[in-house]
Amino acid sequence: MKPPRRLVPCPTCNRPAAWDPDNRFRPFCSERCKLIDLGQWAQDRYAIPLAQELPPPPEDAPWGN
Ligand SMILES: [Zn+2]
């Protein structure tokens, strides 16, 4: 008797994905969802330092001589 296939919700699309050695994209349901999630993660990483550099220090102009 084979154990039942374990399903996990895909982090990208929330559809059940097989947690199984056959599913090399686990915990994602497909390669597409895996790439989407990795892309969002990479964008978040780049967005954090950019957002912190954007506002210029306002006190620099009057005191900067
Ligand atoms: Zn998915």
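Look up a bit, the structure's there.
For every chain, the first residue of the written sequence is number 1, and numbering continues from 1 onward in sequence order. In keeping with the model being predicted, local features are shown solely for residues with a pLDDT of at least 70 and side-chain atom pairs are shown and tallied solely at 80 or more, while totals for entire chains, interfaces and linings include all residues.

A. Up close: unusual backbone geometry. With an omega of 5°, the peptide bond running from Arg26 to Pro27 counts as cis. Numbering goes from the N terminus for both helices and strands, where a helix is a DSSP run of H or I of at least four residues and a strand is a run of E of at least two. Along the chain, the position of Pro27 falls in the loop between strand S2 (16-19) and helix H1 (31-53). Positive phi, close to 70°, is recorded for Asn14, a residue that is not glycine. If you trace the backbone, Asn14 turns up in the loop between strand S1 (6-9) and S2.

B. Here's a closer look at the pairing of S1. Note on pairing: DSSP must find at least two bridges between two strands before they are called paired. As paired strands, S1 and S2 are joined by four bridges and run antiparallel to one another. Residue pairing across strands places Leu7 opposite Ala18, the latter belonging to S2. Count of turn residues in the S1/S2 antiparallel hairpin: six residues, of which Asn14 carries a positive phi of about 70°.

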